[in-house]
Amino acid sequence: MNAQPDNGELRMKSFLNRLGVATLLAAGIALAGNAFAGDVADRVASAKKLTMATDSNYPPLSFINQENEMDGFDVDVGKELAKRLGVELEITTPEWTMIAAGHWNRRWDISIGSMTPTQERAKVFDFPAIYYYSPAAFVVHNDSDIKTLADINGKVVGAPSATVYEKYVRHDLVLDAIGAPAFEYQVTPGTINTLNATSALLDDLRLGPGKRLDAVINALPTLNEAIKKGYPFRVVGDPVFYEPLAIAIEKGDKEFNDQIAAAIEAMHEDGTLTRISMKWFGVDYSKAAPK
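The rules behind each value
- Along each chain, residues carry numbers from 1 onward, in the same order as the chain's sequence is written.
- Side-chain atom pairs in this predicted model are given and counted only at pLDDT of 80 or more, local residue features only at pLDDT of at least 70, and totals for whole chains, interfaces and linings cover all residues.
- The side-chain quantities take in all heavy atoms of the structure and omit both hydrogens and water.
- Each helix is a run of DSSP H or I of at least 4 residues and each strand a run of E of at least 2, with the numbering of both proceeding from the N terminus.
- Working definition: with a 1.4 Å probe on protein chains only, accessible area under 20% of the residue-type maximum means buried, over 50% means exposed, and in between means partly exposed.
- Residues are treated as being in contact if the distance between any of their heavy atoms lies within 4.5 Å.
- Surface accessibility in these figures is a Shrake-Rupley result with a 1.4 Å probe; residues are shielded only by whichever protein chains are displayed.
- The length a helix should cover is 1.5 Å for every residue beyond the first.
- Any two strands with at least two DSSP bridges between them are considered paired.
- Pairs of N or O atoms within 3.5 Å make up the polar contacts considered here, provided that, within protein, one atom can donate a hydrogen while the other can accept it, and that residues adjacent in sequence are counted only when both atoms are side-chain atoms.
- For this document, the term salt bridge refers to a Lys or Arg side-chain nitrogen within 4 Å of an Asp or Glu carboxyl oxygen.
- Orientation is described by lines fitted to C-alpha atoms, with helices fitted over the stretch in contact, and by angles between N-to-C directions that extend from 0 to 180 degrees.
- Oblique is the label for every angle not falling under 35 degrees (roughly parallel), over 145 degrees (roughly antiparallel), or within 65 to 115 degrees (roughly perpendicular).
- It is the rotation of the near helix from the far one that decides the hand of a crossing: anticlockwise by less than a right angle makes it left-handed, clockwise makes it right-handed.
- When residue character is reported, Ala, Val, Leu, Ile, Met, Phe, Trp, Tyr, Cys and Pro are called nonpolar, Asp, Glu, Lys and Arg charged, and the others, Gly included, polar.
- We call a set of buried Ala, Val, Leu, Ile, Met, Phe, Trp, Tyr and Cys residues a nonpolar core when their side-chain atoms join them within 4.5 Å.
- pLDDT: the predictor's confidence for each residue, scored from 0 to 100.
- Working definition: a ring pair exists when centres of Phe, Tyr or Trp rings (six-membered ring for Trp) sit within 6.5 Å. Plane angles under 30 degrees give stacked, over 60 give edge-to-face, the rest tilted.

Regarding the overall build of the chain
Then, in step 1: When its secondary structure is counted, the chain shows nine helices and 11 strands.
Then, in step 2: Looking at the chain as a whole, 45% of its 291 residues are labelled buried.
Then, in step 3: For the chain, restricting intrachain contacts to residue pairs at least 6 apart in sequence, the fraction spanning at least 24 positions comes to 73%.
Then, in step 4: About 14,800 Å² of surface is accessible on the chain, with carbon and sulfur atoms providing 52% of the total.

In structure tokens form, the structure reads like this:
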């Protein structure tokens, strides 16, 4: 007859069993992590297609042109990147908040949509490369009495949701990417109105000063494009900050990250990004100090 184990022996066996399960789980997680490495790179290479998420109404960065095709600075960057990776480019246009939230679940492979690479976002994304630097500025209606940035203090300011522009007017902006120029808060709005679409904010401002908005903050190239198209706006003061803009991918695929980083570095070095910037902005924003 076998002796029954005492409570101490039972507790020891239970502990060893739990330890064994924990060890197996840890090993499984490690293996899963290794298996994930290269997943996106392999999928893109296998499908011969790079799916890029960007905005459909953010000229001159990305928009639908008169031929009903996606066009713009970001689109040209995406086309050139896909070409250098040896694949076709497919473009999808979800809302910016969906792109910036991460957890894409393979709906797209990459964001080429002027994302600011902050440390907070780096918890969700990898940023293979900075591809240009964009100045942020304020516009007002031509009939507005606002003449200086200080005149905007206490006014109603529009900013696109979940962007660095909203963070700036809320005095909550952190530009902690390498190469981000220092800035100061020069405007303190009285009221901040946010919408997902920049175009909707510009339409609100176009109604006239004080109707819905007194000013809008956004990327200077986008504001200049609106003025070029006949919006009755004028830029107030100098840019309030310059933001480095990066290509974003979801975390965990070093192979894909390195492929993109190498391609964008080559585009910097051979002048391709300068050429694309000059085409769309008339200024070389591919460098930290625009010329």
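Resuming the write-up.
Things to note about helix 3 (residues 73-85)
Then, in step 1: With 13 residues, helix 3 should cover 18 Å at 1.5 Å per step; its first-to-last C-alpha distance of 19 Å lies within 8% of that length.
Then, in step 2: Of the positions making up helix 3, those classed as buried are F73, D74, V75, D76, V77, G78, E80, L81 and A82.
Then, in step 3: G86 lies just past helix 3 and shows a positive phi near 75°.

Concerning the pairing of strand 1 (residues 49-53)
Then, in step 1: Within strand 1, four of the five residues are buried, leaving the element largely enclosed by the surrounding structure.
Then, in step 2: Pairing of strand 1 with strand 5 (residues 88-92) involves five bridges; the strand directions are parallel. Each bridged residue has a counterpart across the sheet, and for M52 the counterpart in strand 5 is I91.
Then, in step 3: Pairing between strand 1 and strand 6 (residues 110-115): two bridges, direction parallel. From the neighbouring strand, A53 faces strand 6, where its bridge partner is S111.

Thoughts on the side chain of T163
Then, in step 1: Inspection of the secondary structure puts T163 in the loop between strand 8 (156-160) and helix 5 (164-169).
Then, in step 2: A polar contact of 2.6 Å, which involves the side chain of T163, links it to the backbone oxygen of P160.

Structural notes on the pattern of salt bridges
Then, in step 1: Taken as a whole, this structure holds 14 salt bridges when the rule is applied.
Then, in step 2: The closest approach of N and O atoms between E166 and R170, which form a salt bridge, is 2.9 Å.
Then, in step 3: With a relative accessible area of 44%, R170 lands in the partly exposed category.

Some thoughts on the sheet that holds strand 8
Pairing between sheet strands relies on hydrogen bonds along the backbone, with the strands arranged either parallel or antiparallel.
Then, in step 1: Ordered by their spatial adjacency, eight strands build an open sheet running 5-1-6-11-7-10-8-9, and the pairing between neighbours is mixed. Both outer strands of the open sheet, strand 5 and strand 9 (191-195), are each paired with one neighbouring strand and no more. Sheet twist, expressed as the mean angle between neighbouring strand axes with direction ignored, is 25°.
Then, in step 2: Sheet contacts for helix 6 (residues 198-206): strand 7 (125-141), strand 8, strand 9, strand 10 (215-219) and strand 11 (233-250); angle to strand 10, the most-contacted strand, approximately 150°.

So, the sheet that holds strand 4 (residues 70-71)
Then, in step 1: Read from one edge of the open sheet, three strands run 2-3-4, paired in antiparallel fashion. Only two strands of the sheet have a single neighbouring strand rather than two, namely strand 2 (57-58) and strand 4.
Then, in step 2: For strand 2 and strand 3 (residues 62-64), the ladder comprises two bridges, and the chain directions are antiparallel. When the bridges of strand 3 are listed, N57 appears paired with F63.

Some points on the packing of helix 3 against helix 8 (residues 254-269)
Then, in step 1: Running from N to C, helix 3 and helix 8 cross one another at 115°; their axes reach a closest spacing of 10 Å. By the angle class used here, helix 3 and helix 8 are roughly perpendicular. Where helix 3 crosses over helix 8, the handedness of that crossing is right-handed. Side by side, helix 3 and helix 8 meet where V77, E80, L81, R84 and L85 of the first sit next to Q259, I260, A263, I264, A266 and M267 of the second.
Then, in step 2: Residue classes in the contact of helix 3 with helix 8 are distributed as eight nonpolar, one polar and two charged.

Points about the pairing of strand 11
Then, in step 1: Direction of pairing for strand 6 relative to strand 11: antiparallel, over a ladder of two bridges. Within strand 11, the position partnered with M115 by the bridge is A246.
Then, in step 2: Relative to strand 11, strand 7 runs antiparallel, the two being bridged by 13 bridges. Counterpart to F138 in the pairing with strand 11 is V236.

Brief notes about the nonpolar core
Then, in step 1: Ranked by size, the top nonpolar core spans 64 residues in total, and within it Y131, F138, I217 and F241 carry the most contacts.
Then, in step 2: Core analysis: the second largest hydrophobic core is formed by nine residues, A53, W104, W108 and A248 among them.

Re the confidence of the model for the chain
Then, in step 1: Per-residue confidence for the chain gives a mean pLDDT of 88, with 86% of residues at or over 70.
Then, in step 2: Every residue in residues 1-5 scores below 50 in pLDDT, and together they form one contact with partners more than four places removed in sequence or on other chains.
Then, in step 3: Below a pLDDT of 50 lies the segment residues 7-36, which in the model reaches four contacts outside its immediate sequence neighbourhood of four places, other chains included.

Thoughts on the packing of aromatic side chains
Then, in step 1: For the structure shown, the criterion picks out 18 aromatic pairs.
Then, in step 2: Ring centres of Y231 and F233 lie 5.4 Å apart, and the angle between their planes is 55°; this geometry places the pair in the tilted category. As far as burial versus exposure is concerned, Y231 and F233 are alike and both buried.
Then, in step 3: With centroids separated by 5.2 Å and ring planes inclined at 55°, the aromatic side chains of F281 and Y285 adopt a geometry described as tilted.

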